[in-house]
Amino acid sequence: MLFPIFAMKILCFALFAMAYNLIFGYGGLLAFGHAAFFGAASYVAAHMAAVWGVPPELCILAGVCASTVLGALFGWLAIRRQGLYFAMITLALAQIVYFYAVQADWTHGEDGIQSVPRGMLFGFIDLSNAMTMYYVMLAVFLAAFAFLYRVLHSPFGQTLKSIRENEARSISLGYSTDNYKLIAFTLSAALSGLAGSMKAIIFQIASLADVYFMTSADALLMTLIGGVGTLLGPVVGAAVVVTLQTKLATFGAWVVVMQGAIFVLCVLFLRKGIVGTLEEFLSNRITRQSDRAVAGEVDGKAKSGIAS
């Protein structure tokens, strides 16, 4: 069995990667600023719990609200651009949040907000117990997964996929593509904020690492390794990346080099990620079996026709 803290870290970053996959895998928008939403929610939740003594459910809700507002603002500023321009704008906006976190008094700069109390969820669920906290995180993750599944299989999700495949055609059919992308970006920011808020409560700290560029890069790496545009891909990618970071922690700065090497290998040999490649393999196998069955049936009918 996995250690609860390790399992919660995987679930937390799997949720973050799923949020990123919504805009990257299904919206076709490469963003470099999701650490801003993850970190902003983490700081807000941690501050409210540690300084104001607010119950954890309200801290998490406040973190999600903060990231949603920030996502709507960033999306409104960046969504009209595409490709590299969109990526650079999101990165620049995220860096503004990072430098604000460095300078602001309430974030405590490089020290971050430490000793965040987990508190009592809804007044009777004691989150100080690691297993209880794990089950709460698992419930939040499953609820977010079900929500994303419903969104992606709704008319909105199908329209979002059509925009990714051919935006010009979607515009010609009368869809306001910018509005769809803005809604998807805001939803992605909200789910990133949920992951950030849960991270602050689970690990009882909010730090500059939460808003640093490498956190956005980790979300991208998890999505690419697991499989872009697949529901389970980010979950598998998060499990792989978090496990590698944990097991290779003794190598210090070399962890980044090893992650880069693994990323290159995945790009070269698993272009669709682990889940995407597996889905393609299974699909091709089923197709081949179906073709053989049809060919056998046709051959049998031909032989029976000759015999008669």
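The rules behind each value
- Residues numbered from 1 in each chain as written.
- Predicted model: local features only at pLDDT ≥ 70, side-chain atom pairs only at ≥ 80, totals over all residues.
- Heavy atoms only, no water.
- Helix = DSSP H or I, 4+ residues; strand = E, 2+ residues; numbered from the N terminus.
- Buried < 20%, exposed > 50% of the residue type's maximum accessible area, 1.4 Å probe, protein only.
- Contact = heavy atoms within 4.5 Å.
- 1 Å grid on protein atoms, 1.4 Å probe; cavity = no way out; pocket = protein on both sides within 12 Å on 5 of 7 lines; lining within 4 Å.
- Points joined across faces, edges and corners; volume = space filled by probe spheres on them.
- Nonpolar A, V, L, I, M, F, W, Y, C, P; charged D, E, K, R; others polar.
- Core = buried A, V, L, I, M, F, W, Y, C linked by side-chain atoms within 4.5 Å.
- Axes fitted to C-alpha atoms, helices over the stretch in contact; angles between N-to-C directions.
- Parallel < 35°, antiparallel > 145°, perpendicular 65-115°, else oblique.
- pLDDT = per-residue confidence, 0-100.
- Expected span 1.5 Å × (residues − 1).
- Polar contact = N/O pair within 3.5 Å; in protein donor to acceptor, adjacent residues only side chain to side chain.

Draft legend 1. Up close: the overall build of the chain. Tallying secondary structure elements over the chain gives 12 helices and two strands in all. When the helices and strands of the chain are read in sequence order from the N terminus, they spell out α-α-α-α-β-β-α-α-α-α-α-α-α-α. Counting only C-alpha atoms, the chain reaches 90 × 50 × 40 Å along its principal axes. Scored against the burial criterion, the 308 residues of the chain give a buried share of 46%. A separation threshold of at least 6 residues defines the contact pool for the chain, and within that pool the share at least 24 residues apart is 76%.

Draft legend 2. Region of the structure containing empty space enclosed by the protein. Counted under the stated rule, the structure contains one cavity of 30 Å³ or more. Roughly 50 Å³ of internal volume is contained in the largest cavity. Forming the walls of the largest cavity are M18, N21, L22, Y26, L148, L152, T230, L231 and P234. Of the residues forming the lining of the largest cavity, the biggest block, three residues, is contributed by helix α1 (residues 4–24). Split into classes, the residues belonging to the lining of the largest cavity amount to seven nonpolar, two polar and no charged.

Draft legend 3. A look at the side chain of D218. Relative to the helices and strands, D218 resides in helix α9 (residues 213–226). Filtering out sequence-adjacent residues up to four positions away, D218 remains in contact with Q245 and Q259.

Draft legend 4. Inspection of the layout of surface pockets at higher detail. Approximately 480 Å³ is the volume attributed to the largest pocket. In terms of lining, the largest pocket is formed by 21 residues, of which the most central are K9, F13, A209, D218 and Q245. Of all the secondary structure elements, the ones that give two or more residues to the lining of the largest pocket are α1, α8 (177–203), α9, α10 (233–247) and α11 (254–269). Broken down by element, the residue count for the lining of the largest pocket peaks at four residues, all from α9.

Draft legend 5. Broad picture of the nonpolar core. In this structure, L15, F74, M133, M137, F185, L194 and M198 are the most contacted members of the largest nonpolar core, which totals 86 residues. Broken down by element, this core gets its largest block of residues, 17 residues, from α1. With sequence-adjacent residues up to four places away left out, L15 is seen in contact with M137, V140, F141, A144, L191, L194 and A195.

Draft legend 6. A look at the packing of α1 against α8. Packing of α1 against α8 leaves a shortest axis separation of 7 Å and a crossing angle of 170 degrees. Considered as vectors, α1 and α8 are oriented roughly antiparallel to each other. Across the interface between the two elements, I5, M8, K9, C12, L15, F16, A19, Y20, L22 and I23 of α1 pack against K181, A184, F185, L187, S188, L191, S192, L194, A195, K199, I202 and F203 of α8. A per-class count over the contact of α1 with α8 returns 17 nonpolar, two polar and three charged.

Draft legend 7. Spotlight on the side chain of S170. Tracing the backbone through its elements, the reader meets S170 in helix α7 (residues 167–172). Of the residues examined, S170 reaches a relative accessible area of 2% and is grouped as buried. Every residue in contact with S170, bar those within four places of it in the chain, is listed here: S162, I163, Y175 and T177.

Draft legend 8. Summary view of the confidence of the model for the chain. Taken residue by residue, the chain gives an average pLDDT of 89. The fraction at 70 or more is 94%. Of all secondary-structure elements in the chain, the lowest mean pLDDT belongs to helix α12 (residues 273–307), at 74, while helix α2 (residues 34–50) reaches the highest, 96.

Draft legend 9. Representation of unusual backbone geometry. The backbone of S115 shows a phi angle near 55 degrees, a positive value even though the residue is not glycine. Within the fold, S115 resides in the loop between α4 (83–103) and β1 (120–121). For S115, a relative accessible area of 65% translates into the label exposed. Here F122, not a glycine, exhibits a phi torsion of approximately 60 degrees, which is positive. Here F122 shows up in the loop between β1 and β2 (125–126).

Draft legend 10. Inspection of helix α5 (residues 130–152) at higher detail. Between its first and last C-alpha, α5 extends 33 Å over 23 residues, near the 33 Å set by a 1.5 Å rise per residue. Among the residues making up α5, those that are buried are M133, Y134, V136, M137, V140, F141, A144, L148, V151 and L152. At its buried positions, α5 is contacted by α1, β1, β2, α6 (155–165), α8 and α10. Where α5 begins, the side chain of N129 points an oxygen toward the backbone nitrogen of M131, at a separation of 3.0 Å.

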